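Descriptive analysis of the structure
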Amino acid sequence: MKSFDKNSVLTAVTTAALLVGAIASATLISTTVAAGDMKSEHKHHNMQANADMKPMAEVVMVDGVVKRVIADSNQLIVHHQPIAAWTMAEMQMKFNLADGLSVADFNEGQKIHFKLKQENMMKFTIIEVLK
Ligand SMILES: [Cu+2]
């Protein structure tokens, strides 16, 4: 009866152990990222090559009502409807206006249907308004 070659058995065991280790690390990393808040949105994008999670949309269509116009910083306080793609409930938030959009064109109480872009560090910018 032919016995196992001890070296190849050892190699196989070592390889298996390394594989398990690599998978465990990968799992740990994705769990850590997923547990982070929305600030890690861009990390999700960078990791999407080997991740099976759905990448978060950067630009979404949103409905909302202008609650306040902040002329000094060209920003709007908007009460927006739920944003499913970002798992965000309806709420009031401060949004920046992209170049070409001016607070002068908005009024408190105005209903808007707009394209909202999310950038890293929770920066939200209205990039287009479709009335
Ligand atoms: Cu929000």
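Residues numbered from 1 in each chain as written. Predicted model: local features only at pLDDT ≥ 70, side-chain atom pairs only at ≥ 80, totals over all residues.

1. Description of the overall build of the protein
Note the following rule: Strands are runs of DSSP state E lasting at least 2 residues, helices are runs of H or I lasting at least 4, and numbering of each runs from the N terminus. The exposure label follows from counting other C-beta atoms within 10 Å of a residue's C-beta, where the C-beta atoms are placed from the backbone and the thresholds are 20 or more for buried and 12 or fewer for exposed, leaving partly exposed in between. C-beta atoms are first placed from the backbone for all residues, and any pair lying within 7 Å is then listed as a contact.
What the protein contains, in helices and strands, is 2 helices and 5 strands. The order of α-helices and β-strands along the protein, N terminus first, is α-α-β-β-β-β-β. Expressed as a percentage of the 131 residues in the protein, the buried residues total 10%. A separation of at least 24 residues holds for 46% of the contacts in the protein among residues at least 6 apart in sequence.

2. Points about unusual backbone geometry
Residues other than glycine predominantly adopt negative phi, and peptide bonds predominantly adopt the trans conformation. A positive phi is found at Asn74, a non-glycine position, where the angle reads about 55°. By the element assignment, Asn74 lies in the loop between β1 (59–70) and β2 (75–80).

3. Section: the pairing of β1
The two faces of the sheet receive side chains in turn, since in a regular strand these alternate between them. The test is simple: When DSSP finds two or more bridges between two strands, those strands count as paired.
The sheet contact formed by β1 and strand β4 (residues 111–119) spans 7 bridges and is antiparallel. Following the sheet pairing, Asp63 is matched in β4 by His113. If you look at the hairpin formed by β1 and β2, you'll find 4 residues sitting between the two strands, and Asn74 has a positive phi there, around 55°.

4. Quick notes on the nonpolar core
As a reminder, the rule being used: In these notes, a nonpolar core means any group of buried Ala, Val, Leu, Ile, Met, Phe, Trp, Tyr and Cys residues linked to one another through C-beta atoms within 7 Å.
Grouped together as the largest cluster of nonpolar side chains are 9 residues: Val62, Leu76, Val78, Ile83, Phe95, Leu97, Phe114, Leu116 and Ile126. Elements that contribute at least two residues to this core include exactly β2, β3 (91–97) and β4. Those residues in contact with Val78 that sit more than four places away from it in its chain are Gly64, Val65, Val66, Lys67, Met93 and Phe95.

5. Topic: the sheet that holds β3
Across a sheet, strands are paired by hydrogen bonds formed along the backbone, either parallel or antiparallel in direction. Condition: For helices, the axis comes from a line fit to the C-alpha atoms of the stretch in contact; other axes are also lines fit to C-alpha atoms, and the angle between any two N-to-C directions lies between 0 and 180 degrees.
Pairing in this closed barrel of 5 strands is mixed, and the strands run β1-β2-β3-β5-β4 around the ring. Between one strand and the next, the sheet's axes are offset by a mean angle of 55°, whatever the strand orientation. Of the strand pairs in this sheet, β1 and β2 are connected by 6 bridges, and their pairing is antiparallel. Within the sheet, the bridge partner assigned to Val65 lies in β2 and is His79.

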